[in-house]
Amino acid sequence: MKNIAVIGAGTMGNGIAHTFAQKGFKVQLIDISQQALDKGLATITKNLDRMVAKEKITEADKEATLGNISTYTNIKDGVEYAGLVVEAATENVDLKLKIFKDLNNACPEDTILATNTSSISITQIAAVTDRPEMVIGMHFMNPVPIMKLVEIIRGYNTSNEVTNTIMEISKELGKVPVEVNDYPGFVANRILMPMINESIETLYNGVAGVTEIDTVMKLGMAHPMGPLQLADFIGLDVCLSILHVMYEGFKNPKYAPCPLLVNMVRAGKLGVKSGEGFYDYSETRKAEKVAKQFA
């Protein structure tokens, strides 16, 4: 299985394409927007240049990786010869269901359909296809080329053969796959998002400030970054979306998003990608300056 199609050229999609291509897979990167494809390729090139500068790869490795990636704005053309499709579109249920309906019609019968969703039910996604046994979750962590973990999520009907195949492919990528079952938030976000939400509640209730909360978690719990900084890095809109999925899935009030998070997303304060969240990123992408609202 050396032909891989990736749906979506955003942060996760271009990272997944980069990772497969660097390991010698032929990657068809698909997005409805040519502008998004161009931006995705530019990001991959920039990241490869950084690796060359650090002498982790050679210039020849970089050129080989880029040579393994082709781009398409049409799903049907891009998946024609794919043995595996990894969907990495926006974390929106309706959008993902539409994409998987299209993939079901466009892909060869033996193509495995994977989704990089961080919280949406694999079983629900699989149900819109006529090959639910071939649908699986392949949840990469950001930044994809660096982070080792891949959550492999079995839907209710995912076959053992497909699961084993995806576990082995993940290992070929140099990743550490961990198999989990299909419940809202899976493992990573079921544990992470309540922590992030509680840190926002702690700020909202005036217990401590942004840097104080993050410092406690970094120095006291040995986290590489604080929960508020991590929320900014993930995207506050993404955090909110995942919490909504978990709240709807479990009907448990402990997953209800903090009103402060809701209002920040409504105001367009989404974190790094918007230039402001709990920190101000107008001058640097590092969390060095607390946003004016919380200073």
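That block above? That's the structure.
Residues numbered from 1 in each chain as written. Predicted model: local features only at pLDDT ≥ 70, side-chain atom pairs only at ≥ 80, totals over all residues. Heavy atoms only, no water.

### Description of the sheet that holds strand β5 (residues 112-115)
- Strand order across the open sheet formed by 8 strands is β3-β2-β1-β4-β5-β6-β7-β8, with mixed pairing between neighbours. Of all the strands in the sheet, just β3 (69-72) and β8 (176-181) have a single pairing partner and so form its edges. Here the average twist between neighbouring strands, direction ignored, is 25 degrees.
- With 4 bridges joining them, strand β4 (residues 84-87) and β5 adopt parallel strand pairing. Bridge pairing in β5 links V85 to L113. (Pairing = 2+ DSSP bridges. Helix = DSSP H or I, 4+ residues; strand = E, 2+ residues; numbered from the N terminus. Axes fitted to C-alpha atoms, helices over the stretch in contact; angles between N-to-C directions.)

### What to know about unusual backbone geometry
- Cis rather than trans, the peptide bond between N142 and P143 has omega equal to 0 degrees.
- Mapping P143 onto the fold places it in the loop between β6 (135-140) and β7 (149-154).
- In this structure, E55 is a non-glycine residue whose phi angle is positive, near 65 degrees.
- Along the polypeptide, E55 turns up in the loop between α2 (34-53) and α3 (59-67).
- One non-glycine residue, F186, lies in positive phi territory at about 55 degrees.

### As for the side chain of H18
- Residue position: H18 is located in helix α1 (residues 11-22).
- The exposure class assigned to H18 is buried, which follows from its relative accessible area of 1%.
- Here the side chain of H18 touches Q22 through a polar contact of 2.8 Å, side chain to side chain.
- Ignoring any residue separated from it by four or fewer positions in sequence, one finds H18 in contact with I44, N47, L48, M51, T65 and P145. (Buried < 20%, exposed > 50% of the residue type's maximum accessible area, 1.4 Å probe, protein only. Polar contact = N/O pair within 3.5 Å; in protein donor to acceptor, adjacent residues only side chain to side chain. Contact = heavy atoms within 4.5 Å.)

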